[in-house]
Amino acid sequence: MSVDTVSMTGWGRTAPTTALRFRPRTYEEAAVAVTGRGPRGVVARGLGRAHGDAAQNAGGSVVDMTGLDRVHAVDAVGGVVACDAGVSLHRLIEALLPLGWFLPVTPATRYVTVGGAIGSDLHGTGHRTAGSFTRHVRSLELLTADGSVRRVVPGTDLFDATAGGLGLTGVILSATLSLLPVTTSLMSVDTERAADLDAALAGLAAGGAAYESARIDLMARGRATGRAVLIRGEHVPVDALPARARRTALAFRPGKLPPVPAYVPEGLLGRAPAALLGELRFRGARAARAGRLQRISAFFHPLDALPGWNRLHGPGGFVQYQCAVGDGQEEVLHRIVQRLARRRCPAFHAVLQRLGAGGPGWLSFPVPGWSLSFGLPAGLPGLGRLLDLFDDETAAAGGRVCLAKDARMRPSAPAAMYPRLPDFRALRGELDPEGAFRSDLSRRLAL
Ligand SMILES: Cc1cc2nc3c(=O)[nH]c(=O)nc-3n(C[C@H](O)[C@H](O)[C@H](O)COP(=O)(O)OP(=O)(O)OC[C@H]3O[C@@H](n4cnc5c(N)ncnc54)[C@H](O)[C@@H]3O)c2cc1C
């Protein structure tokens, strides 16, 4: 097993901290890394796509799981895969799509590991019907603080604490997942312009498609505040394709652009480019367009085509914010969008989506209703105070802010948003009385 000392950040590239990084190739080596931890504890890390400090551990150990990346077994009839936790969703899609299976839940990037997907119980744009990632986990193997391995199944407290548990119950070594049958690797996509936030909310509330989201132009002001492009997608059935195209119907061919250079000056994604991009996206979308065919990769993971896109924000990095509020609390979304627009905050990739029923994960993010997410330059003046205000409004409305993406929340905030946090703390106290599993995020938020 290789061991080195490295400085790490999350995808937002803020708050780097240094830790001892272990890269196990076997489960036994992972156990050695956990039991041999120092006083600052240990945490698992996948592909580092969490935006904040969830997979960092200043002065302690970090177990990089990406070397444990075997696909153990695929049931191509029943649609089940068993794999190591360090396997990326990219690798799974590459292996499973040609067999006619897809992941029932995929986030906006496929460069996350199965362990990271469970640790943050990630959700996709199909949450209304598919729920979040851990709804499709049949079982997992968890390496706990004393070096023992437990098989964990849904319906148990340990499962509910580990689903969205941010690596704080142990290191997930492997998992067995249920899959979604598909007959092509294409999506049928409908787009529609929404003139303002009310129109975007109404368009999403009408529902109907398997995957739905709205790309909001947060730079638009006045009557256009919150204008958006609604995107709805369905998997294309093979019999909808011309005979010629059916032979390669399940091919997985993601496109790729040259990577973003290692150094990009600060401020490239400032107000003017953000406003221009928002304008181009809105004007570029036809008022309404139905049935456009798109590759699965382009539909679900457009940003993956540009490697290192997070460097576009410059050396200061960016902060990702995502909040969820229930139905009837749309006024909170209006206030957030209006404040961002009024202050001309250069927000990128702002997405509004519907959330369905929440899963059993005690620290899982989704609550039934709405989610709004966006990224802002970390150096934006007054950013901390503005996001604290959004936290307060979200909590007062019974909503929550996504912990897996967080880089800056105050320690008092999660208790007001996550009612099962006391159960989570109690279970950790019993399972791991020394607090072996720790991260910068868990220390910062006293999880
Ligand atoms: C472009 C982009 C788009 C995204 N879109 C979405 C989205 O649509 N929906 C969504 O929910 N999230 C989304 N995310 C967030 C991302 O999916 C999650 O943060 C995910 O956890 C990252 O996986 P990872 O393998 O990179 O894990 P890391 O970032 O390395 O770790 C994330 C957390 O998981 C824990 N963890 C990792 N591996 C293990 C393991 N083997 N055992 C136990 N714990 C482990 C870590 O300790 C940490 O707490 C997005 C992120 C990016 C960069």
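Residues numbered from 1 in each chain as written. Predicted model: local features only at pLDDT ≥ 70, side-chain atom pairs only at ≥ 80, totals over all residues. Heavy atoms only, no water.

Asks: Explain the site of the ligand here, please?
Replies: Lining the immediate environment of the ligand, one finds 31 residues, of which Ala44, Gly46, Arg49, Thr113 and His123 sit closest. Taking Ala54, its main chain carries an N or O atom lying 3.2 Å from an oxygen atom of the ligand. At 2.7 Å, a side-chain N or O of Thr113 approaches an oxygen atom of the ligand. In the complex, the protein chains occlude 96% of the 960 Å² of accessible area that the ligand would expose alone. Every element with two or more residues in the shell around the ligand is listed here: strand 3 (42–45), helix 3 (114–119) and strand 10 (171–178). If one sorts the elements of the shell around the ligand by residue count, strand 3 sits on top with 3 residues. When its residues are assigned to classes, the shell around the ligand shows 17 nonpolar, 11 polar and 3 charged. (Near = heavy atom within 4 Å. Polar contact = N/O pair within 3.5 Å; in protein donor to acceptor, adjacent residues only side chain to side chain. Areas by Shrake-Rupley, 256 points an atom, 1.4 Å probe, with all protein chains shown as cover. Helix = DSSP H or I, 4+ residues; strand = E, 2+ residues; numbered from the N terminus. Nonpolar A, V, L, I, M, F, W, Y, C, P; charged D, E, K, R; others polar.)

Asks: Looking at this structure, I do not really get the sheet that holds strand 8 (residues 137–143). What am I missing?
Replies: Hydrogen bonds between backbone atoms are what pair the strands of a sheet, whose relative direction is either parallel or antiparallel. If you walk across this open sheet you meet the 5 strands as 5-6-10-8-9, and the pairing is antiparallel. Pairing within the sheet leaves two strands with one partner each, and these edge strands are strand 5 (71–75) and strand 9 (149–152). Put simply, the sheet's adjacent strands are angled 10° from each other on average, direction ignored. Bridging between strand 5 and strand 6 (residues 80–84) involves 4 bridges; their strand directions are antiparallel. Residue pairing in the sheet places Asp75 in a bridge with Val80 of strand 6. (Pairing = 2+ DSSP bridges. Axes fitted to C-alpha atoms, helices over the stretch in contact; angles between N-to-C directions.)

Asks: Please explain the nonpolar core as it appears in this structure.
Replies: Generally speaking, soluble globular proteins have nonpolar side chains that are buried together. Within the largest apolar cluster, 98 residues are counted, with the highest numbers of intra-cluster contacts made by Leu92, Phe133, Leu140, Leu166, Leu340, Leu352 and Phe374. Composition of this core by domain shows at least three residues from each of domain 1 (71–182) and domain 2 (186–413). Beyond its immediate chain neighbours, meaning those up to four positions away, Phe133 contacts Leu89, Val105, Val114, Ala117, Ile118, Asp121, Leu122 and Leu177. Ranked by size, the runner-up nonpolar core spans 15 residues in total, among them Val34, Val63, Val171 and Ala436. (Core = buried A, V, L, I, M, F, W, Y, C linked by side-chain atoms within 4.5 Å. Buried < 20%, exposed > 50% of the residue type's maximum accessible area, 1.4 Å probe, protein only. Domains from an automatic or database assignment. Contact = heavy atoms within 4.5 Å.)

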